[in-house]
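Residue-level listing of the chains:
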Amino acid sequence: MNINLFNTLTKKKEKLIPINSSAVKMYACGPTLYSNPHIGNFRPIIVFDILFRVLRLIFGEDSVRYVRNITDIDDKIIDKANELKISTDELVNSTQKIYQQNLSSLSILSPTYEPKATDYISKMIEMITSLIEKKYAYVSEGHVLFEAKKFKGYGSLSKFSLKDIISGARVEVADYKKNPEDFVLWKPSKTNEPHWDSPWGNGRPGWHIECSAMISELLGETIDIHAGGIDLIFPHHENEIAQSTCCHDKKMSNFWLHNGFINFKGEKMSKSLGNTSIVNDLLSKHDPAVLKYSLLTTHYRQPLDFSNDLISYSENIINKWREHIKEVNSKELDSEFVNALLDDLNTPKALMRLQQIIANIKKDKNNDDLLAHFNNGLSLLGLNPSFNKTDLKLDKEFIENMISRRQEAKKDKDFELADKIRNELFKQGIVLEDTKNGTTWKKN
Ligand SMILES: [Zn+2]
């Protein structure tokens, strides 16, 4: 079996030939846990989980090493934690609990490693030190910056030239930078921000070096596949390539895979637009298989239009499939179904094939081969309907903690903070009620 994948680096579909087929190495950039993930955050998770499953089928279950990280330090996390007057750890721990529940509801396989960025600070410092020694990076006012023009391959992934980057205002100008296109490897922490000791003073890493360090520590200097959302091509992935290549004098990844955006009524979905669909809320209303089916109806590189109509359409199909879900003895898969997935993960075609198989089962009800093809296809995709909507567990400790903080804020006449806490909990589906005997809460 061979798989062909579209490589952003070459803009072509290419056959995947792993460096070592008994240890295929794959990395996907995971979410930044500053609030509960929305459906747009979950698209790469679902899509690259399917890739992980297909690679395990081709090369063997123990022959694929998949790393999907958690970003637990970042400007957005710090801003949100400051806004709520809690620590970044408290914020990340509470969001992570919900995130992990969502992953298991959606039958996402556990990756081989799921590292948190802050556990790899010493590796980041080691790589930054090496980049300074090799003169690719310089220190300025407590910052360490990578000098982009020193790396000849800069722009090879995004196909942007340095001129495009500067004139397109894709970079921030700052007086501590030699050139506007230089990017941060390390920066000083402000008072009350999380910080780590480093040769350049107390500070914290830039976002890009986090992934480079986790990849090099957990998978090695060159990997087979690096994946993520299309919005990460520039600057995040371009900068990862620059740092890792210059640090190790080796190609960072042979394949770069990118999934398209999710649109909601024709607009790009992002938290700042406020049109987001939080996965946790969607899972309290719909079968996880319905949600997953919706996301797989469009090829991963195309933009996906997420709507209530799409959910109803998927619900209809999943409901029709339920009666054909059976325990089967054979492990055999349908070749057309598998071939669709081997062709750059063509999930719409694979789902269509399952529909055809169902049509054939209706004509020939006791055909064990067809039943096996259908059920094994569903299992490969992790798409078995669960019959029940997920009863989501709430992080009671976090909610009660936030309520007592709100109480304190009210005592201090900090009504702005008290309102922020109420709104934040509301966004998580929790309604507060103030009574004579204190504050109670219930699920919205
Ligand atoms: Zn990354």
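Predicted model, so just to flag it, every value in this text is computed and none were measured.

Trainee: I keep staring at the side chain of histidine 208 and nothing clicks. Help me out?
Mentor: Of note, histidine 208 is situated in helix 6 (residues 207-218). Every residue in contact with histidine 208, bar those within four places of it in the chain, is listed here: Phe183, Pro235, His236, Asn239, Glu240 and Gln243.

Trainee: Explain the packing of aromatic side chains to me, please; I cannot follow it from the model alone.
Mentor: Each aromatic ring pair is specified by the distance between its two centres and by the angle formed by the two planes. Tallied over the full model, the rule gives 10 aromatic pairs. With centroids separated by 6.4 Å and ring planes inclined at 20 degrees, the aromatic side chains of tyrosine 154 and phenylalanine 183 adopt a geometry described as stacked. Pair noted here: tyrosine 154 is in the loop between strand 6 (143-146) and helix 5 (162-167) and phenylalanine 183 is in strand 7 (residues 183-188), with a separation of 29 residues, a long-range link. Since its relative accessible area comes to 9%, tyrosine 154 is described here as buried. Feature note: the residues Tyr136, Phe146, Tyr154 and Phe183 constitute an aromatic cluster, connected by ring pairs. We note arginine 56 situated over the ring of phenylalanine 52; from NZ or CZ to the ring centre the distance is 5.2 Å. Here the basic side chain of lysine 178 rests over the ring of tyrosine 138, its NZ or CZ set 4.6 Å away from the ring centre.

Trainee: What's the story with the coordination of the zinc ion in this structure? I'm lost.
Mentor: Reference values for angles at a metal are 109.5 degrees in the four-donor tetrahedral case and 90 or 180 degrees in the six-donor octahedral case. Donor atoms from the polypeptide that coordinate the zinc ion comprise Cys29 (SG), Cys211 (SG), His236 (NE2) and Glu240 (OE), at 2.1 to 2.7 Å from the metal. Each of the four donor atoms around the zinc ion contributes to a set of angles spanning 74 to 129 degrees, which defines the coordination as irregular. Considered as a linear motif, the donors of the zinc ion on their single chain read C-x181-C-x24-H-x3-E. Separated by 211 residues along the polypeptide, cysteine 29 in the loop between strand 3 (24-28) and helix 1 (39-59) and glutamate 240 in helix 7 (residues 233-248) bring together distant segments of the chain. Residue classification places cysteine 29 among the buried residues on the basis of a relative accessible area of 10%. What makes glutamate 240 buried here is its relative accessible area of 0%.

Trainee: Mind showing me how you'd approach the domain arrangement of the protein here?
Mentor: Interfaces are often sized by the accessible area lost when the parts come together. Taken domain by domain, the protein holds domain 1 (4-262), domain 2 (288-381) and domain 3 (397-423). Summarising the inter-unit geometry, the C-alpha centres of domain 2 and domain 3 are found 47 Å apart.

Trainee: How do you make sense of the nonpolar core when you look at a structure like this?
Mentor: A general tendency of soluble globular proteins is for nonpolar side chains to be buried together. By size, the foremost hydrophobic cluster in this structure holds 86 residues, and its most contacted members are Leu51, Phe306 and Trp321. The dominant element in this core, judged by the number of residues it contributes, is helix 1, at 12 residues. Each residue touching leucine 51, except ones within four places of it in the same chain, is listed here: Ile3, Leu5, Met26, Ile225, Leu257 and Leu345. Counting residues in each nonpolar core, the second largest holds 41 residues, with Ile125, Trp186, Ile209 and Leu232 among its members.

Trainee: How should the state of the cysteines be read in this particular structure?
Mentor: A covalent bond bridging the sulfur atoms of two cysteines is what the word disulfide describes. Inspection of the entire model under this criterion finds zero disulfides. The thiol of cysteine 246 is unpaired, and the distance to the nearest cysteine sulfur, on cysteine 247, comes to 8.7 Å.

Trainee: Any chance you could explain the packing of helix 2 (residues 75-84) against helix 3 (residues 88-105) here in plain terms?
Mentor: For any two helices packed against each other, one specifies the crossing angle of their axes together with the interaxial distance. Put simply, helix 2 and helix 3 touch, their axes get as near as 9 Å, and they point 105 degrees apart. The pairing of helix 2 with helix 3 is recorded here as roughly perpendicular in orientation. Two secondary-structure elements touch here, helix 2 through Ile77, Ile78, Lys80 and Ala81 and helix 3 through Thr88, Leu91 and Val92. Here the contact of helix 2 with helix 3 is composed, by residue class, of five nonpolar, one polar and one charged.

Procedures and definitions
- Residues numbered from 1 in each chain as written.
- Predicted model: local features only at pLDDT ≥ 70, side-chain atom pairs only at ≥ 80, totals over all residues.
- Heavy atoms only, no water.
- Helix = DSSP H or I, 4+ residues; strand = E, 2+ residues; numbered from the N terminus.
- Contact = heavy atoms within 4.5 Å.
- Phe/Tyr/Trp six-rings, centres within 6.5 Å; stacked < 30°, edge-to-face > 60°.
- Buried < 20%, exposed > 50% of the residue type's maximum accessible area, 1.4 Å probe, protein only.
- Lys NZ or Arg CZ within 6 Å of the ring centre and 35° of its normal.
- Donors = N, O, S within 2.8 Å, 3.2 Å for Na, K, Ca; no water.
- Tetrahedral: all angles 85-135°; square planar, octahedral: opposite > 155°, others 65-115°.
- Domains from an automatic or database assignment.
- Core = buried A, V, L, I, M, F, W, Y, C linked by side-chain atoms within 4.5 Å.
- Disulfide = S-S within 2.5 Å.
- Axes fitted to C-alpha atoms, helices over the stretch in contact; angles between N-to-C directions.
- Parallel < 35°, antiparallel > 145°, perpendicular 65-115°, else oblique.
- Nonpolar A, V, L, I, M, F, W, Y, C, P; charged D, E, K, R; others polar.

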